[in-house]
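Here is how the chains run, residue by residue.
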Amino acid sequence: MDGPNRDGSATLRTPELSDRDADLVEELLGGSHRALARVITRIEDRAGGHRAIVAALHEHTGGADVIGITGSPGAGKSTLVDKLAAAYRERGDTVGVVAVDPSSPYTGGAVLGDRIRMGSNVGDMDVFFRSMSARGQLGGLSMATADAAKALDAFGKDVVIIETVGAGQNEVDVVRTADTVAVLVQPGSGDDVQTLKAGILEIGDVFAVNKADMDGAERTLAELEEMVHLRESPTKGLDTGHHAFDAPEHPDDPDHSNDGGAAGDGDGASDGDEADGDGPEWTPEVLRTVANTGEGVPELIETFDAHAAYLRESGEIEATKRRRYAEEIRTLVRSDVGAIATGEIERRGGIDRLAEAVRRRETDPYSVAAEIVAPIADCVAGDGE
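Attention in this report is confined to the structure presented alongside it.

Definitions and limits used
Residues numbered from 1 in each chain as written. Predicted model: local features only at pLDDT ≥ 70, side-chain atom pairs only at ≥ 80, totals over all residues. Heavy atoms only, no water. Helix = DSSP H or I, 4+ residues; strand = E, 2+ residues; numbered from the N terminus. Contact = heavy atoms within 4.5 Å. Axes fitted to C-alpha atoms, helices over the stretch in contact; angles between N-to-C directions. Parallel < 35°, antiparallel > 145°, perpendicular 65-115°, else oblique. Nonpolar A, V, L, I, M, F, W, Y, C, P; charged D, E, K, R; others polar. Phe/Tyr/Trp six-rings, centres within 6.5 Å; stacked < 30°, edge-to-face > 60°. Buried < 20%, exposed > 50% of the residue type's maximum accessible area, 1.4 Å probe, protein only. Pairing = 2+ DSSP bridges. Patch = residues over 30% accessible without salt bridge, like charges linked within 9 Å, V, L, I, M, F, W, Y side chains within 5 Å. Areas by Shrake-Rupley, 256 points an atom, 1.4 Å probe, with all protein chains shown as cover. Salt bridge = Lys/Arg side-chain N within 4 Å of Asp/Glu carboxyl O. Lys, Arg positive; Asp, Glu negative; His and termini not counted. Charge placed at Lys NZ, Arg CZ, Asp CG, Glu CD. Polar contact = N/O pair within 3.5 Å; in protein donor to acceptor, adjacent residues only side chain to side chain. Arc of directions from axis to C-beta.

The subject of this paragraph is the overall build of the protein chain. Looking only at helices and strands, one finds 11 helices and 7 strands in the protein chain. Partitioning the contacts of the protein chain with sequence separation of at least 6, the portion at a separation of at least 24 is 74%.

Their axes nearest at 10 Å, the elements helix α4 (residues 77–90) and helix α8 (residues 297–314) cross at an angle of 75°. On the basis of their axis angle, the class for α4 and α8 is roughly perpendicular. Of the residues in α8, those in contact with L80, K83, L84, A87 and Y88 of α4 are V297, L300, I301 and F304. Here the residues of the contact of α4 with α8 sort into 8 nonpolar, no polar and 1 charged.

Turning to the packing of aromatic side chains, a few remarks are in order. Any aromatic ring pair is given by two values, namely how distant the centres are and how the planes are angled relative to each other. With the rule as written, the count across this model stands at 1 aromatic pair. Between W282 and Y310, the ring centres sit 5.9 Å apart and the planes meet at 35°, which makes this aromatic pair tilted. Taken together, the residues W282 in the loop between α7 (217–232) and β7 (285–288) and Y310 in helix α8 connect sequence positions 28 residues apart. The exposure classification of W282 matches that of Y310, with both residues buried.

Further remarks concern the pairing of strand β5 (residues 180–185). Burial of β5 is extensive: 6 of the 6 residues sit out of reach of the surface. Alternating residues of β5 divide into T180, A182 and L184 and V181, V183 and V185, and every residue in both groups is buried. The sheet contact formed by strand β1 (residues 65–71) and β5 spans 5 bridges and is parallel. By the bridge assignment, I69 is partnered in β5 with A182. Sheet topology places β5 next to strand β6 (residues 206–209); 4 bridges connect them, and they run parallel. The residue bridging L184 from the neighbouring strand is A208, located in β6.

What follows concerns a negative patch on the surface. A cluster of acidic residues, D19, D23, E26 and E27, forms a negative patch on the protein surface. For E26, the location among the structural elements is in helix α1 (residues 19–29).

Within the secondary structure, K77 sits in helix α4. Buried charged residue K77 carries no salt bridge. Nearest counter-charge: E163, at 5.3 Å. Of the polar contacts made by the side chain of K77, one reaches the backbone oxygen of G71; its length is 3.1 Å.

The set of residues buried in helix α10 (residues 351–359) consists of L354, A357 and V358. Down the axis of α10, the smallest arc covering the buried residues is 100°, so these residues share one side. When the buried face of α10 is taken as reference, the exposed residues oriented beyond 90 degrees from it are D352 and R359. R361 sits one or two residues past α10 and shows a positive phi near 65°.

Written out as structure tokens, the structure is:
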């Protein structure tokens, strides 16, 4: 199904590629940046056939490390993403960036989509940057963002970075798209740190105090450290060590990774911490960065690599992907059923007529909803018999 038809009805079917779209997919997989740009445009516009394109790309995904960068407005996310992309390129990785901007109330497009956000990487064809609209979704992410990340993954990008719009604790939606989530906080942002306690703290795999050359950086670092350790255990002190895999000394050569760090001395988990037999857990790192100068960026990338290694070696990456796909299926089903219900509402005279009937006390909202859903439920029950 590609969404509701012009009359409000919906057509359900398995996505099938047209010959033209099949050629477009083939060009993208062959390395055409023009085809990649066209596919992401189709995805963002939710144009007819976009589902079939994403479905065809799915089997080619899974090779990229997907990193989410979130945090409050003004924390320096865009500048840091720019420096991260440049650093990844220096070590030979190709990079895709999806920057989610606030939606225009008039066009639905990205308000800040025309701004120059990747100054250090202009002209580098191995850094693909796309600014997209949040389309009013809580958390700053829409289904289009997740699909765009899939397109970049299928294209063959080594790293895909998603920079969120920065709407506070509602940024939790980034978890559904990213393997590793970095939360940025700026010094002296006491209110921001309190906001983290309300929800966004739970999604961070890495925390970075950006603009760490400003006054108040050390206090913010200490506050975050305390919060992270309290998150792991209300009784855990600050000197009990991490449950994380150590970063490999040679990220490109797994044979040189620190095999003993997972369960040995130092930062590794103790035997008591692994009593459940599931292996060591990941305790978020708290780092300091100065995006303008690039200070702390290499250490941040090393931590991303360490988290990626943890996900692979612990098997958590598979559980993460299952959770992500489960949520994606739920989202798509809700969207499809909603489109069918919208068509049924239109066939009954439209939402305004139904609302007026409720206002006149001729019926009630529950009865109206039940009447709209009944044909759908009957159809599903009939197919199941």
